[in-house]
Amino acid sequence: MENEFSFAIGPVVVGASILTTWGIMAVITLIAWLSTRRLEMLPGSLQTMVEGIVVAIDEAVTAVAPEHGRRIMPFIATLWLFLIIANLVGLIPELHSPTRDLSVTSALAVLVFFSVHWFGIRTLGWKKYLHHYLTPSPILLPFHIISEFTRTLALAIRLFGNMMSLEMAAMLILLVAGFLAPIPILMLHIIEALVQAYIFGMLALIYLAGAMQSQQLNSQE
Amino acid sequence: MEFNISTFALEIINFLILIWILQRLFYKPLLDVIAKRKQFIDQSLADADTVRKQADEQRDLYENRLMLWEQEKQTALTALHQQLDAERRTQLDRLTADLEQEKQKAKVTLTRQQQEHQQQAEKQALQNGARFAAMLLQQSAGPELEARLITLLINHLVTLPEACKLCLQTLGGKKSVPVKVSSAYPLAPEQQQLLEQKLDSLIDSQVHFQYARDAGLIAGLSIDIGAWVLNANLKHELAGFAEITHDFE
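Residues numbered from 1 in each chain as written. Chains lettered and ligands numbered in written order. Predicted model: local features only at pLDDT ≥ 70, side-chain atom pairs only at ≥ 80, totals over all residues. Heavy atoms only, no water.

1. Let's talk about the overall build of chain B
Piece 1. On a plain count of helices and strands, chain B comes out with 5 helices and 4 strands.
Piece 2. Across the 249 residues in chain B, those meeting the buried criterion constitute 25%.
Piece 3. Put simply, 78% of the contacts in chain B that link residues at least 6 apart link residues at least 24 apart.
Piece 4. Counting every atom, chain B has about 17500 Å² of accessible surface; 57% of that belongs to carbon and sulfur. (Helix = DSSP H or I, 4+ residues; strand = E, 2+ residues; numbered from the N terminus. Buried < 20%, exposed > 50% of the residue type's maximum accessible area, 1.4 Å probe, protein only. Contact = heavy atoms within 4.5 Å. Areas by Shrake-Rupley, 256 points an atom, 1.4 Å probe, with all protein chains shown as cover.)

2. Digging into unusual backbone geometry
Piece 1. Unusually for a residue other than glycine, Glu94(A) sits at a positive phi of about 75°.
Piece 2. Here Glu94(A) is to be found in the loop between helix H3 (69–88) and helix H4 (102–124).
Piece 3. Backbone geometry at Ile218(B) places phi at a positive 70°, although glycine is not the residue there.
Piece 4. Relative to the helices and strands, Ile218(B) resides in the loop between strand E2 (206–213) and strand E3 (220–225).
Piece 5. For Ile218(B), a relative accessible area of 12% translates into the label buried.

3. Concerning the pairing of strand E4 (residues 228–233) of chain B
Residue and element names in this part refer to chain B.
Piece 1. By the bridge criterion, 6 bridges tie E3 to E4 in an arrangement that is antiparallel. Residue pairing in the sheet places Ser222 in a bridge with Asn231 of E4.
Piece 2. Counted between consecutive antiparallel strands, the loop separating E3 from E4 contains 2 residues, among which Gly226 sits at a positive phi close to 60°. (Pairing = 2+ DSSP bridges.)

4. Some details on the side chain of Thr20(A)
Residues and elements named next belong to chain A.
Piece 1. By secondary structure assignment, the location of Thr20 is in helix H1 (residues 16–36).
Piece 2. The buried category is assigned to Thr20, whose relative accessible area is 14%.
Piece 3. There is a polar contact of 2.7 Å between the side chain of Thr20 and the backbone oxygen of Ala16.
Piece 4. Beyond its immediate sequence surroundings of up to four residues, Thr20 is in contact with Val89, His96 and Pro98. (Polar contact = N/O pair within 3.5 Å; in protein donor to acceptor, adjacent residues only side chain to side chain.)

Structural measurements only, silent on function.
Structure representation (structure tokens):
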């Protein structure tokens, strides 16, 4: 992995993960542009497919956060779409999944961390949002704070560990067992990629929904 | 496994840019068109609901109108049946009256026909009786019957009404009166003498008697005295009997 392509623009080093991410972004943007350039009231097959994807994501988000679903839907949907493609990119020869890079998963986890506070404060306000760290008892404040950091760290490490171990296992089996043996491992790779993308996005959704609705839950209690 | 701060920072920037791109290029247009379609479908459903309500109202109105028409039809049918019953009763009464009148006419006609038949039968019976009597008298006639008829005539001459007697006495004031006596059988001299005496006593003028035979008289006499004819014969009697049948005609 040390032989991966990279270049530097001043102090900024652009590695393979960033280049792959740009490629994924370009593909997603191209598909989005192609599928939405001629939207009709009576949809065609491509429009029907992308509408189905967006509606499914929207319904999943709304099911968890009924009152604020539309506000956080773009963030969660982008997470799911990006992670699904990023996790599956590793199946293409000579390409590596960006999510096997701890810097990438950390960046996504940090984005989730800040998004939780951003949407929480925007929804509830500073005072109400920070107040939920003192409930049900101020004694629990340190645990709340530790929880915020550990769950972010867990998000990053979980995705990074699963995707990196998956690629390494596939590589080792390919080296040991020959050409045909890795096919079941590739099937497992697809399933694992989808499951990890779903888990990361769903956890992010739950954290966001928890932050935005924590005050309401406390009021109901 | 090593952490690269440049990759970390660039990934954050990339992801934020991707969110912005997808929000502008993908989510918003798709959600807008889905919302428009939903609005269109809701509007169509609302329009369909409105049309359905209007259709229900029209159906209720139509059913009410049908019910009213049915009631009107029943009322008209009832009135028509009443009129038909009244007309039927009137026609029946009229027919009964006509039949009664015709029955009376037929009865009168039958009675008249029966009377005519009875008259016809009586006439026929009289004619048969006259014919039978004529045949019987023609076969049984003879000088004896004639003698009895002469006797009967002489007796009747005695009992003539006074008006007749007066006419015979004053037969025109003539000096001699011819008297023609016709008989079916020759008269005996005694009979002639008795007849002349009786007539002479009735007539004031001189009387000349002439005697003749007329077999058509069957039996008896026919006496011509000027304008007077005294008949005492069967021919005359039978003719009188036959005249009765003419009275029926």
